[in-house]
Amino acid sequence: MNVTELITQEVFGIWFLIGAALVFFMQAGFAMLEAGFCRAKNAGNILMKNLMDFCIGTVCFIFLGFGLMMGEDMIAGFIGIPNLSIFTDFTGFMENNASSFVFNLVFCATAATIVSGAMAERTKFSSYCIYSAVLSLVVYPIEAGWTWNPAGWLANLGFIDFAGSACIHTVGGVAALIGAIMVGPRIGKYIRDDSGKVIKVNAIQGHNIQIGALGCFILWFGWYGFNGAAATSGSQLAAIFLTTTIAPAVATVTCMIFTWLKNGKPDVSMCINASLAGLVNVTAGCHCIDAAGAFAEGLISGILVVLVVEWLDLKLHIDDPVGACGVHLANGIVGTLCAGLFATSTSSYGVDGPIYALIHGSDFNAGLKVFGVQCLGITAIVAWTTVLMTITFAVIKKVHGLRVSREEEIEGLDPTEHGLPAAYAGFSMRPQAIVEMADVEAPVISGEVPVESAVEVTNVTTIVPPTPDGKKYTKVEIICKESKLDSLKKALMGVGVTGMTVSHVLGCGAQKGRQEYYRGVPVEASLLPKIKVDIIVSKVPVDTVIDTAKKVLYTGHIGDGKIFVYNVENVVRIRTGETGFAALQDHG
């Protein structure tokens, strides 16, 4: 090997590690995108998940994952034989495997973090840690070894997946779809009638589109390392950068026009998804397609992501908050197949021998073989991931539970899962009322505080002169958690109260026995969102209203609610001018 070759090898070895660093930086992009597309009350939880899936994945990859994926000895091209040479022979590991370990580790983390967005806002953090570990430990390493280990059975068949449309994005997308189905939709996403049929789909908007867009730009930037890190020549790297730019740009323009014509306005969040869809689509064949192929893949992905996201939401009623299935699963599969359609001999810079696919080249049978291998490979990867992740989620759901409680979901995962009062301390976020068709659920009694302490009742006595009609009017003011609104409303209507005023309020106070901490320091009392329900009753006994409210609100903890009872002098209905008892008819 001459000096020029040695320098070239060293330069591209350094670029390989720089590319790995760019892929690691994509974790920040995924975190920002998911946080922006979800609600503020779950932002801290999302950031924690995106941090931990890389850290947990690193531990799993050290002990087992890397050996299963890149083991020098493979059993029938299917699974590597792991060893712990990183500990037992560190010098040898550094010489032969260190770069490969780091590079494949950051790719493994990408596959794991895709799942987070589809299951966001209602999944237990502990459950997320478990399935992230399983994916990093077994699921991803084995199937990726089929393609990227030189002894892998798909590698020996000539399967084209240069940077992971199949091995990473399809795997993450399949796991995301299975997880979203098993964990179920977010509360309030789908409105159902008494038979359980969905009669309305609600849009639950993300809280910060700016952060979501920032995540998109970070991911696009990191994708140049994602696709280009394995390049072995300057011309090949330039070609990869070119196709990695054209496909997402065309996809975004296509999506903008498509949504503009379809909905009357260009859709901002969907265009962000389209940029990522174009990147996912081109990833498999970024090294062996030309500009025309990248343009075609951009056109396909820009429309495909819209159709799949809306089909899953509006038709199948699968709740995917960030569109992970449309971006990664649909475009991962189609991008893998497109590599078998658009690969050309003229753009395969640095590839050992030309790649002829169906659309290019004169040998149709050779092209058909290339496309057939692509179909076989993606089918095998989808089947492998489906079986293992279905088992994983089913076991977690049965043994540990996938989903947080209804009350925890409505309050937000930041305070309930992490003891973080708010990810945006000092800002007042608008609480979201939950509206859905459901029977009143019996409260889960999880504490031991007496009802008198958990739901305090205060009689505010005032001197009220006798009313002209001799009736007594009483105002009952109930302050409770937002998660109890639906149940409280239905229960009160069940005892004859048909009119009430509901307000969002902010309460300040330290709850006895519930000290929150931030970075180990006790948090002072802060403003927290509450619901205030005001009722004026005359015909309905006050004690009935109070007892009904207590039964709905009580969970056995300090802070379940407060009830204030006031005497009222008179009631006036402005619309009709009625006063007293007549003004309360159809109300209470």
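Residues numbered from 1 in each chain as written. Predicted model: local features only at pLDDT ≥ 70, side-chain atom pairs only at ≥ 80, totals over all residues. Heavy atoms only, no water.

*Asks:* Residue-level account of the overall build of the protein chain, with values.
*Replies:* Within the protein chain, the secondary structure is distributed over 19 helices and eleven strands. Counting over 588 residues, the protein chain shows a buried share of 51%. Long-range contacts, defined here as pairs at least 24 residues apart, represent 79% of the contacts in the protein chain between residues at least 6 apart. As displayed, the protein chain offers around 26200 Å² of accessible surface, 64% of which is attributable to carbon and sulfur atoms. (Helix = DSSP H or I, 4+ residues; strand = E, 2+ residues; numbered from the N terminus. Buried < 20%, exposed > 50% of the residue type's maximum accessible area, 1.4 Å probe, protein only. Contact = heavy atoms within 4.5 Å. Areas by Shrake-Rupley, 256 points an atom, 1.4 Å probe, with all protein chains shown as cover.)

*Asks:* Quick rundown of the packing of helix α12 (residues 291–315) against helix α13 (residues 324–342)? Include the residues and the values.
*Replies:* Packed helix pairs are characterised by how far apart their axes lie and by the angle those axes make with each other. Their axes nearest at 9 Å, the elements α12 and α13 cross at an angle of 150 degrees. As the angle between them shows, α12 and α13 are arranged roughly antiparallel. When the axes of α12 and α13 are compared, the crossing they make is right-handed. Each of Gly-293, Ala-296, Glu-297, Ile-300, Ser-301, Leu-304, Val-305, Val-308, Val-309 and Leu-312 in α12 lies in contact with α13, whose residues at this interface are Cys-325, Gly-326, Val-327, Ala-330, Asn-331, Val-334, Cys-338, Ala-339 and Phe-342. Per-class residue counts for the contact of α12 with α13 are 14 nonpolar, four polar and one charged. (Axes fitted to C-alpha atoms, helices over the stretch in contact; angles between N-to-C directions. Parallel < 35°, antiparallel > 145°, perpendicular 65-115°, else oblique. Left-handed = near helix turned anticlockwise from the far one by under 90°. Nonpolar A, V, L, I, M, F, W, Y, C, P; charged D, E, K, R; others polar.)

*Asks:* I'd like a description of the pattern of salt bridges, backed by residues and values.
*Replies:* This model, assessed by the stated rule, comprises twelve salt bridges. When the shortest N-O distance is used, the salt bridge between Glu-310 and Lys-262 registers 2.7 Å. Note that Glu-310 is positioned in helix α12 and Lys-262 in helix α10 (residues 234–263), a separation of 48 residues in sequence. Judged by its relative accessible area of 40%, Lys-262 falls in the partly exposed class. Here Lys-532 and Asp-534 are joined by a salt bridge, their closest N and O atoms 3.9 Å apart. For Asp-534, a relative accessible area of 16% gives the class buried. (Salt bridge = Lys/Arg side-chain N within 4 Å of Asp/Glu carboxyl O.)

*Asks:* Summarise a nonpolar patch on the surface; cite the residues concerned and give the values.
*Replies:* Taken together, the side chains of Val-253, Met-256, Ile-257, Trp-260 and Leu-261 present a nonpolar region at the surface, about 510 Å² in accessible area. Here Trp-260 shows up in helix α10. For Trp-260, a relative accessible area of 46% puts it in the partly exposed group. (Patch = residues over 30% accessible without salt bridge, like charges linked within 9 Å, V, L, I, M, F, W, Y side chains within 5 Å.)

*Asks:* So, α10: which residues are in play, and what are the values?
*Replies:* Over its 30 residues, α10 runs 43 Å from end to end, which matches the ideal 44 Å to within 8%, given 1.5 Å per residue. One or two steps after α10, the chain reaches Gly-264, where phi turns positive at roughly 85 degrees. (Expected span 1.5 Å × (residues − 1).)

*Asks:* Would you mind going over the nonpolar core in detail, with residue names and values included?
*Replies:* Judged by nonpolar contacts, the single largest core of 92 residues is most densely connected at Phe-107, Leu-135 and Tyr-140. When residues of this core are assigned to their parent elements, the largest contribution, twelve residues, is made by helix α5 (residues 98–118). Once residues within four sequence positions are removed from consideration, Tyr-140 is found in contact with Met-69, Asn-104, Phe-107, Cys-108, Ala-111, Leu-135, Trp-148, Cys-167 and Ile-168. Formed by 23 residues, the second largest nonpolar core is a distinct cluster that contains Val-476, Cys-480, Val-533 and Ile-535. (Core = buried A, V, L, I, M, F, W, Y, C linked by side-chain atoms within 4.5 Å.)

*Asks:* Got a sec to walk through the packing of aromatic side chains? Specific residues and values, please.
*Replies:* The full count for this structure, using the stated rule, is 20 aromatic pairs. Measuring from centroid to centroid gives 5.7 Å for Trp-146 and Trp-384, while their planes differ by 65 degrees, and the two rings are edge-to-face. Of this pair, Trp-146 sits in helix α6 (residues 125–148) while Trp-384 sits in helix α14 (residues 364–399), and the two are 238 residues apart along the sequence. By the burial criterion, Trp-146 is buried, and Trp-384 matches it. Here the aromatic residues Phe-16, Phe-103, Phe-107, Trp-148, Trp-223 and Phe-226 are joined through ring pairs into a cluster of three or more. Positioned over the ring face of Tyr-128 is Lys-49, at 5.3 Å from the centre of the ring. Directly above the aromatic system of Tyr-566 lies the positively charged group of Lys-475, at a separation of 5.3 Å from the ring centroid. (Phe/Tyr/Trp six-rings, centres within 6.5 Å; stacked < 30°, edge-to-face > 60°. Lys NZ or Arg CZ within 6 Å of the ring centre and 35° of its normal.)

*Asks:* Tell me about the side chain of Asn-149, residues and numbers included.
*Replies:* With respect to the element layout, Asn-149 can be found in the loop between α6 and α7 (153–157). Judged by relative accessible area, which is 5%, Asn-149 ranks as buried. Polar side-chain contacts of Asn-149 include one of 3.0 Å to the backbone oxygen of Gly-71. Once residues within four sequence positions are removed from consideration, Asn-149 is found in contact with Met-69, Met-70, Gly-71, Met-74, Ala-144 and Ala-155. (Polar contact = N/O pair within 3.5 Å; in protein donor to acceptor, adjacent residues only side chain to side chain.)

*Asks:* An account of the environment of Gly-298 is needed here, citing residue identities and associated values.
*Replies:* Within the secondary structure layout, Gly-298 lies in helix α12. Residue Gly-298 is classed as buried on the basis of its relative accessible area, which comes to 0%. Expressed as a C-alpha distance, the spacing of Gly-298 and Thr-243, which sit 55 residues apart in the sequence, is 9.8 Å. Apart from the residues within four sequence positions on either side, Gly-298 is in contact with Ala-247, Val-250, Ala-251 and Thr-254.

*Asks:* Tell me what's going on with the pairing of strand β11 (residues 561–568), and back it up with residues and numbers.
*Replies:* One ladder, built from six bridges, connects strand β5 (residues 455–460) with β11; its direction is parallel. In the sheet register, Val-460 faces β11, and the bridge partner there is Tyr-566. Looking at chain direction, strand β6 (residues 473–480) and β11 are connected through eight bridges and run antiparallel. Paired with Tyr-473 across the strands is Val-568, a residue of β11. (Pairing = 2+ DSSP bridges.)

*Asks:* Now, about the environment of Phe-66: what can you tell me, with residues and values included?
*Replies:* Mapped onto the secondary structure, Phe-66 falls in helix α2 (residues 43–70). Phe-66 sits 79 residues away from Gly-145 along the chain, and the two C-alpha atoms are 9.1 Å apart.

*Asks:* Talk me through the packing of helix α1 (residues 3–37) against α5; I want residue IDs and the actual numbers.
*Replies:* Where α1 meets α5, the axes come as close as 9 Å, and the angle between the chain directions of the two elements is 15 degrees. The angle between the axes of α1 and α5 places the two elements in the roughly parallel class. Judged by the twist between their axes, the crossing of α1 over α5 is left-handed. Contact residues: α1 offers Phe-16, Leu-17, Ala-20, Val-23, Phe-24, Gln-27, Phe-30 and Glu-34, while α5 offers Ser-99, Ser-100, Val-102, Phe-103, Val-106, Phe-107, Ala-109, Thr-110, Thr-113, Ile-114, Ser-116 and Gly-117. Among the residues making up the contact of α1 with α5, the classes are represented as twelve nonpolar, seven polar and one charged.

*Asks:* Talk me through unusual backbone geometry; I want residue IDs and the actual numbers.
*Replies:* The residue Glu-121 is not glycine, and still its phi comes out positive at about 80 degrees. Topologically, Glu-121 is positioned in the loop between α5 and α6. Exposure remark for Glu-121: the relative accessible area of 1% places this residue in the buried category. If you check the backbone angles, His-317 has positive phi at about 55 degrees while not being a glycine.

*Asks:* Please give an account of the side chain of Asn-281 that cites residues and values.
*Replies:* Along the chain, Asn-281 turns up in helix α11 (residues 268–283). Take Asn-281: its relative accessible area is 0%, and that puts it in the buried class. There is a polar contact of 3.2 Å between the side chain of Asn-281 and the side chain of Asn-331.

Remember, this is a structural readout, not a statement about activity or role.
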